[in-house]
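# Coordinate inspection notes
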Amino acid sequence: MSPNTNSKAGPKPRAAIEAMDPYRPPSSGREDKLRLDFNENTVGCSPRVVKRLGKVAAQDLTVYPAYEEVFEQLAGYFGVRADQMALTNGTDEAIQLVVNTYVGEKDRVIVLRPSYAMYRFYAQVAGARVIEIDYAADLRFPHEALLRAARSGAKAIFIANPNNPTGTLASPEELREILEAAPNAAVLIDEAYFEFCGRTVLPWINRFPNLFVSRTFSKAFGLAALRVGCLFSDAANIAVIRKGQSPYSVNALGVACALEAIRDPGYVKKYAAEVIRARVMLCQELQCLGWKYFPSAANFVLVQFGSASGAVLRMLRDAGILVRDRGYEVPGCVRITVGTIAQTRRLISALRSISRADVDGRVSQTVTPTPKVLPKRVKAGALR
Ligand SMILES: Cc1ncc(COP(=O)(O)O)c(C=O)c1O
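Since we're looking at a predicted model, the values are computed, not measured.

## So, the sheet that holds strand β8 (residues 229-233)
Each strand in a sheet pairs with another by means of backbone hydrogen bonds, the pair being arranged parallel or else antiparallel. Across the sheet, seven strands lie side by side as β2-β8-β7-β6-β5-β3-β4; this open sheet has mixed pairing. The open sheet has two edge strands with one neighbour each: β2 (85-88) and β4 (129-134). Across the sheet, the axes of successive neighbouring strands diverge by a mean angle of 20 degrees, strand direction being ignored. One ladder, built from six bridges, connects strand β3 (residues 108-113) with β4; its direction is parallel. Residue pairing across strands places Arg108 opposite Arg129, the latter belonging to β4. Against the sheet, helix α4 (residues 90-102) touches β2, β5 (156-160), β6 (186-190), β7 (211-216) and β8, its axis set at about 40 degrees to β8.

This is the structure in structure tokens:
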């Protein structure tokens, strides 16, 4: 039979999918660079995890993953009961599960802007009505606007705390008010950067039946490649969530490495402590150099290079340092992942030479507040 060349034939995608831009992860060609562009751990996971990975890979690939022991141990580590958590293929699957379980076509889903783009992505896949609440011009948490939207009803509300890319934190009081304002919505507080700020609402799953909390092994733990995360909530919610989850969505290597990682908590604590010191060092330097930045509680800092951002990105790339252009959502801004002290010294020395160089529209002391012009659509390839 000859191949079907009639472009009208074949299955018709759902309208929600047709309306979306394709996503191409901008993650190739990053080898041998100082990767300060994806908020990953910049030195790698615990050596114990690498050793364990080798052993599991050598022995156990023929069998499907077994999760019982994993649930008990991870629940113990996070201080919850095993029936209050789902093991997920990264935070991304946690977000997808919340949407799949609670959101139908045309339902309202509230997200913040700028924020982690996968909330909007999965809501769009579901054909939901996405309500976007903008951060204030100084990138403060838009509490009042979010409260108003929450009171107007929604099936789900997504909040990253700290937020990506702003690095800002909502206070426990602000989060409590939102949970109270939307008792029938699934409210996901995404704590992907918890280890760098220490602030959590995880114990609140015992108080608020509408609260979901996610954590990930992709950031401080250094296991982004393995795709392991956790979703926590009231046991009744988790039972429903698990009904709609693929039975083996987290692979055995990921599971084994996550378990080994929590057996070496000192490694992550030490790394996070160094990143926090490096963040202070970087912010002090940015201030000296006259670049405006937004105070961050995570392992990255959003810097406003204004009209110089293109030149800064290019010059850092030439120096072998990758950072992330966020100008498509916060004009003139670049997000810089914070790594170790030594890596931050290297970054600072590159920034110093850029500052001295004749970059286009050098902005020392003259940065205007962030313009609130944010595009409606997330560009393809701009999700992380
Ligand atoms: C707020 C936030 N949540 C989740 C993720 C991704 O997490 P995971 O790798 O666990 O899917 C990111 C990644 O950039 C993020 O910024």
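## Points about the nonpolar core
Side chains of nonpolar character tend, in soluble globular proteins, to be buried together. The biggest cluster of nonpolar side chains holds 110 residues, and the ones touching the most others in it are Val98, Ala156, Ile157, Val187 and Val303. Take this core: its biggest share by element is seven residues, from helix α10 (residues 265-289). When residues of this core are sorted by domain, at least three fall in each of domain 1 (29-42 + 266-356) and domain 2 (47-263). Not counting the four nearest positions on each side in its chain, Val187 is found in contact with Ile157, Ile178, Leu179, Ala182, Asn210, Leu211 and Phe212.

## Details of the packing of α4 against helix α5 (residues 118-125)
Between two packed helices, both the angle of their axes relative to each other and the distance between the axes serve to describe the pair. It is at 9 Å that the axes of α4 and α5 come closest, and there the two elements cross at 40 degrees. Judged by the angle between their axes, α4 and α5 are oblique. Here the hand of the crossing between α4 and α5 comes out right-handed. Here Asp92, Ile95, Gln96 and Val99 of α4 come into contact with α5, specifically with Met118, Tyr119, Tyr122 and Ala123.

## Focus on helix α7 (residues 172-181)
For α7, every residue scored as buried is listed here: Leu175, Ile178 and Leu179. One side of α7 carries all its buried residues, which in axial view fall inside an arc of 100 degrees.

## A short note on the site of the ligand
Contacts to the ligand come from 14 residues, most closely from Gly90, Thr91, Asn164, Thr216 and Ser218. Per-element accounting of the shell around the ligand gives the leading share, three residues, to α4. For the shell around the ligand, the class distribution of residues is four nonpolar, seven polar and three charged.

## Some words on the pairing of β8
Counted residue by residue, β8 has five buried out of five residues, so it is predominantly covered. Here β8 shows a buried face lined by Gly229, Leu231 and Ser233 and a second buried face lined by Cys230 and Phe232. Examined bridge by bridge, β2 and β8 share four bridges and lie antiparallel to one another. Bridged to Ala86 within β8 is Leu231. Judged from the five bridges that link them, β7 and β8 form a sheet pairing that is antiparallel. Note that in β8 the partner of Arg215 across the bridge is Cys230.

## Observations concerning α4
For α4, with 13 residues, the first-to-last C-alpha span of 19 Å sits near the 18 Å given by 1.5 Å per residue. Counting buried residues in α4 gives 11 out of 13 residues, a clear majority hidden from the surface. Of all the positions in α4, only Gly90, Thr91, Asp92, Glu93, Ala94, Ile95, Gln96, Leu97, Val98, Val99 and Tyr102 are classed as buried.

## So, the sheet that holds strand β10 (residues 300-304)
Here we have four strands laid out as an open sheet, ordered β9-β10-β13-β12, and antiparallel in their pairing. Only two strands of the sheet have a single partner each, and these edge strands are β9 (292-294) and β12 (324-325). The pairing of β12 with strand β13 (residues 333-337) spans two bridges and is antiparallel. Pairing of Arg324 across the sheet is with Arg335, part of β13. Strand contacts of α10: β9 and β10, with the helix running at about 10 degrees to β10, the strand carrying the most contacts. Its contacts with the sheet place helix α11 (residues 309-318) against β12 and β13, and it is angled at close to 30 degrees to β13.

Reading guide: rules and limits
- Residues numbered from 1 in each chain as written.
- Predicted model: local features only at pLDDT ≥ 70, side-chain atom pairs only at ≥ 80, totals over all residues.
- Pairing = 2+ DSSP bridges.
- Helix = DSSP H or I, 4+ residues; strand = E, 2+ residues; numbered from the N terminus.
- Axes fitted to C-alpha atoms, helices over the stretch in contact; angles between N-to-C directions.
- Contact = placed C-beta atoms within 7 Å.
- Core = buried A, V, L, I, M, F, W, Y, C linked by C-beta atoms within 7 Å.
- Buried ≥ 20, exposed ≤ 12 C-beta atoms within 10 Å, placed from the backbone.
- Domains from an automatic or database assignment.
- Parallel < 35°, antiparallel > 145°, perpendicular 65-115°, else oblique.
- Left-handed = near helix turned anticlockwise from the far one by under 90°.
- Arc of directions from axis to C-beta.
- Near = placed C-beta within 6 Å.
- Nonpolar A, V, L, I, M, F, W, Y, C, P; charged D, E, K, R; others polar.
- Expected span 1.5 Å × (residues − 1).

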